[in-house]
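Listed below are the residues making up each chain.
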Amino acid sequence: MTTKTLDRTRPPTTGHRRPPGFISRWRARRAERDQTIAAHRLAQAVTAEFREACTALRLCQYVSVAAGVTVRTPRVGAVHGGPPMSLSVELMAGQEPADFTSRENGPRLAHSLGGHGLRVEPLAGRWVRVTVLNHDPLRDRFGLPSLAVNSGYEALILGRTEDGITLGHAFTDAGHLAGQGQNGSGKTNLCYGLLSQVAAAPDVLVTGSDITGLLLGRPWDGTVHRPHQVVGTGDVPAHAVLLEDLVSEMDRRLATIPPRRDKIEATPTTPLMLVVLEEFPGLLRAADALPKPKRGEGVPVGDRIRSAVLRLLSEGRKAAFRVLMLAQRFEATAVGGGYARDQFALRISFRVPADSLAMLHGDDARPLGREHANAAAGIAYLSGLGRDCERIRVPYLGEYGEYVDRIQAHGRRAAS
Ligand SMILES: Nc1ncnc2c1ncn2[C@@H]1O[C@H](COP(=O)(O)OP(=O)(O)OP(=O)(O)O)[C@@H](O)[C@H]1O
Ligand SMILES: [Mg+2]
């Protein structure tokens, strides 16, 4: 006896009166079924990988049962092939989304799933969506639209985090800002972005010292900010004079804080003084290279600059002063001492060696240093203001001419 098995993967060969379009409908059904099988296999494989990785990284619970100890891992719901691939996961009691993206677990879990990084977003209840990112989410540069805030209280765009969140920063709510990075790592571009956004605010005055004369100075010609800026190395004592004048203004403000207030609020009449110190160690070097005055005939220019900046850093916050200091490396001696360095509430490090990273962000940041030592321009670590050290990409404004155009377009001018 012969038996004939029905091959359901082939269209029936008999019968001349097939309905029109039968073959194509049959092919579509088969493709759909193949796809469902493939998706199911992928889901099984990804779930198994995820659970194994969770066990290896101890993102699991050990439960004692009669037969011994069993391992419970977070439950995986749906798996979507993507790209980017994502899976819904039910966190176990006591787990937080951040446990999966922490510095220790995030990269390992992502590599186990064949990706570069993970993004974890809450869904509902204990369920989260884990997205496996195929490449460094900060790889691509992003532009900064020509925006200008109407007040120093409004948040400026500072950068974008690895999980795609845009970070804002209002100069009024924070303390001083420090930016470090090697040559060409993106420090000045960060300031191009911040200053062009704040240039129009009536309650902010952009003042400071810039020995390069590119960030401050000429681009600001014709604006109310320009008379409060000193640039170049032609007259180094002028930088000390400016900074001492700022200290006098700070003292005047501190002496006139209204009763029942402990700080000056920035307004158009007492604007927030944003003191930009571009390449500050370079300014100190230029000042220290000047001939020293004879004993009893005045204070060396370098010391005058150091003590003015130290006072602005330690007392300026209450008087609506914010210092934005840039340096290639925040070594204590290069920036006016360890005490001065400790006053920065918000710290940003572009490409730097590991010891420089630890110098500004603390020893916990040292393990991040190896990879960051080769970071592309515009990628930085940011810490402070309640945020752990996290990697961000700073927006790119464009060519230098674009910065000049934006300052000319938005820079506040005297009312005529
Ligand atoms: N956020 C960014 N995204 C992409 N590219 C950037 C970014 N920032 C800077 N770059 C690139 O890096 C170059 C150098 O940037 P920038 O002048 O800001 O560096 P720097 O750290 O100030 O260097 P230096 O110490 O020499 O002053 C820019 O011309 C630009 O091509
Ligand atoms: Mg620069």
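Residues numbered from 1 in each chain as written. Chains lettered and ligands numbered in written order. Predicted model: local features only at pLDDT ≥ 70, side-chain atom pairs only at ≥ 80, totals over all residues. Heavy atoms only, no water.

Where an unreviewed UniProt entry is consulted, the protein chain appears under the name FtsK domain-containing protein, with the organism given as Actinomycetospora chibensis.

Student: Residue-level account of the UniProt feature "binding site: ATP" (unreviewed entry) in the protein chain, with values.
Tutor: Annotation from UniProt places "binding site: ATP" (unreviewed entry) at Gly 181, Gln 182, Asn 183, Gly 184, Ser 185, Gly 186, Lys 187 and Thr 188. Structurally, Asn 183 is set in the loop between β9 (176–180) and α4 (187–198). Take Asn 183: its relative accessible area is 60%, and that puts it in the exposed class. On the basis of relative accessible area, Ser 185 is assigned to the buried category, the value being 1%. For Ser 185, the contacting residues outside a window of four places in its chain are Phe 350, Arg 351, Ala 377 and Gly 378. (UniProt positions renumbered as here; feature names shortened; annotations may be inferred. Helix = DSSP H or I, 4+ residues; strand = E, 2+ residues; numbered from the N terminus. Buried < 20%, exposed > 50% of the residue type's maximum accessible area, 1.4 Å probe, protein only. Contact = heavy atoms within 4.5 Å.)

Student: Lay out the sheet that holds β9 in plain terms, naming residues and giving numbers.
Tutor: Spatial strand order, β8-β7-β16-β15-β14-β9-β13-β12-β10-β11: 10 strands in an open sheet with mixed pairing. The open sheet has two edge strands with one neighbour each: β8 (166–169) and β11 (229–231). The average undirected angle you get between the axes of adjacent strands in this sheet is 25°. Pairing between strand β7 (residues 156–161) and β8: four bridges, direction antiparallel. Looking across to β8, one finds that Ile 157 is bridged to Gly 168. Strands β7, β9, β10 (204–210), β12 (272–278), β13 (321–327) and β14 (344–349) of the sheet are contacted by α4, whose axis makes an angle of about 140° with β7. Packing against the sheet, helix α9 (residues 354–361) makes contact with β9, β14, β15 (379–384) and β16 (387–393), and its axis sits at approximately 165° to β14. (Pairing = 2+ DSSP bridges. Axes fitted to C-alpha atoms, helices over the stretch in contact; angles between N-to-C directions.)

Student: If you had to explain the sheet that holds strand β3 (residues 75–80) to someone new, which residues and values would you point to?
Tutor: Read from one edge to the other, the open sheet built from four strands follows the order β3-β4-β6-β5, with strand pairing classed as antiparallel. Every interior strand has two partners, whereas the edge strands, β3 and β5 (117–124), have only one. Direction aside, the axes of adjacent strands within the sheet are offset by 25° on average. Bridging between strand β4 (residues 86–90) and strand β6 (residues 127–133) involves five bridges; their strand directions are antiparallel. The residue of β6 that forms the bridge with Leu 87 is Val 130.

Student: Describe the pairing of β15, with residues and values.
Tutor: Of all six residues that make up β15, six are buried, and the element is covered over most of its length. Of the two faces of β15, the one holding Ile 379, Tyr 381 and Ser 383 and the one holding Ala 380, Leu 382 and Gly 384 are both buried throughout. With four bridges connecting them, β14 and β15 associate as antiparallel partners. For Arg 347, the partnering residue across the bridge sits in β15 and is Ser 383. Pairing of β15 with β16, which is carried by five bridges, proceeds in the antiparallel orientation. Across the sheet, the residue bridging to Tyr 381 is Arg 391, located in β16. Between β15 and β16, which pair antiparallel in sequence order, lie two residues; one of them, Leu 385, sits at a positive phi of approximately 50°.

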